[in-house]
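Okay, here's what each chain looks like letter by letter:
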Amino acid sequence: MFHADFSGVIKTILIVLLVYFGFKILLKYFGPILLKYAMKKMGRKFEQQFSQQFNGAQQKAQNKNTSQEGNVSIKKKPRNHRKSNKEVGEYIDYEEID
């Protein structure tokens with residue numbers, strides 16, 4: 001069996017603290033650089049997706065506009081002829097029983 005002596009415990013604590021503070025210092029200096037890189041990458045990806053959707057919408061609009069000449073088509077949204085139903089439900093009268 002191993003016996004932990006005081007110097008071994010102190011060394012372990014110092015190594016843990018050294019790693020913790022070293023990581024903290026590295027993150028302080030390199031964190032903003034990594035964050036800028038990640039934001040640029042996400043921005044490029046967003047722009048790419050937006051341009052694909054925008055180009056697809058433009059092509060659809062062009063295809064609709066290039067219909068046969070002389071053909072007239074009027075597209076309307078259907079009206080919703082829903083009448084509000086004021087009658088919510090059946091009213092049931094009740095009495096309290098003692």
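Check the entry above for the structure.
Given the structure is predicted, the values throughout are model-derived calculations rather than measurements.

Remarks on the overall build of the protein chain
Stage number 1. The number of helices and strands found in the protein chain is one helix and zero strands.
Stage number 2. Scored against the burial criterion, the 98 residues of the protein chain give a buried share of 1%.
Stage number 3. For the protein chain, the accessible surface area stands at approximately 11,500 Å², while carbon and sulfur atoms represent 60% of it.

Remarks on a nonpolar patch on the surface
Stage number 1. A cluster of nonpolar residues, Phe 6, Val 9, Ile 10, Ile 13, Leu 14, Leu 17, Tyr 20 and Phe 21, forms a patch on the protein surface that exposes about 800 Å² of accessible area.
Stage number 2. If you trace the backbone, Ile 13 turns up in helix 1 (residues 6-65).

Topic: the packing of aromatic side chains
Stage number 1. Tallied over the entire structure, the rule returns two aromatic pairs.
Stage number 2. Both rings, one in Tyr 20 and one in Phe 21, keep their centres 5.1 Å apart while their planes meet at 70°; by these two values the pair is edge-to-face.
Stage number 3. Between Phe 46 and Phe 50, the ring centres sit 6.5 Å apart and the planes meet at 20°, which makes this aromatic pair stacked. Here the residue Phe 46 and the residue Phe 50 both occupy positions in helix 1, the gap between them amounting to four residues, near one helical turn.
Stage number 4. Take Phe 46: its relative accessible area is 57%, and that puts it in the exposed class.

Considerations on the environment of Ser 7
Stage number 1. Residue placement: Ser 7 occurs in helix 1.
Stage number 2. For Ser 7, the side chain forms a polar contact with the side chain of Asp 5, separated by 3.1 Å.

A word on a positive patch on the surface
Stage number 1. Taken together, the side chains of Lys 36, Lys 40, Lys 41, Arg 44 and Lys 45 make up a positively charged region of the molecular surface.
Stage number 2. Counting through the fold element by element, Arg 44 comes out in helix 1.
Stage number 3. Assessed through its relative accessible area of 53%, Arg 44 is described here as exposed.

Calculation rules
The residue numbers shown here count from 1 along each chain, following its written sequence. Reporting in this predicted model follows two pLDDT cut-offs: at least 70 for local features of residues, and 80 or more for side-chain atom pairs to be given and counted; totals over whole chains, interfaces and linings ignore these cut-offs and use all residues. Each side-chain value is worked out from all heavy atoms of the structure, with water and hydrogens disregarded. Counting from the N terminus, the helices are the DSSP runs of H or I reaching at least four residues and the strands are the DSSP runs of E reaching at least two. To sort residues, take the accessible area from a 1.4 Å probe on protein chains only and compare it with the maximum for the residue type: under 20% means buried, over 50% means exposed, and anything in between is partly exposed. Using the Shrake-Rupley algorithm and a 1.4 Å probe, accessible areas are obtained, with residue cover drawn only from the displayed protein chains. Nonpolar side chains (Val, Leu, Ile, Met, Phe, Trp, Tyr) are joined into patches within 5 Å and like charges within 9 Å, using only residues with over 30% relative accessible area and no salt bridge. Here a salt bridge means any side-chain nitrogen of Lys or Arg lying within 4 Å of a carboxyl oxygen belonging to Asp or Glu. Only centres within 6.5 Å qualify two rings of Phe, Tyr or Trp (six-membered ring in Trp) as a pair; their planes then separate them into stacked at under 30 degrees, edge-to-face at over 60, and tilted for everything else. Nitrogen and oxygen atoms within 3.5 Å of one another constitute a polar contact, given that in protein one can donate a hydrogen and the other can accept it, and given that sequence-neighbouring residues count only through two side-chain atoms. Residues scored as positive are Lys and Arg, those scored as negative are Asp and Glu, and His as well as the terminal groups of each chain are ignored. All charge positions are set by atom: Lys at NZ, Arg at CZ, Asp at CG, Glu at CD.

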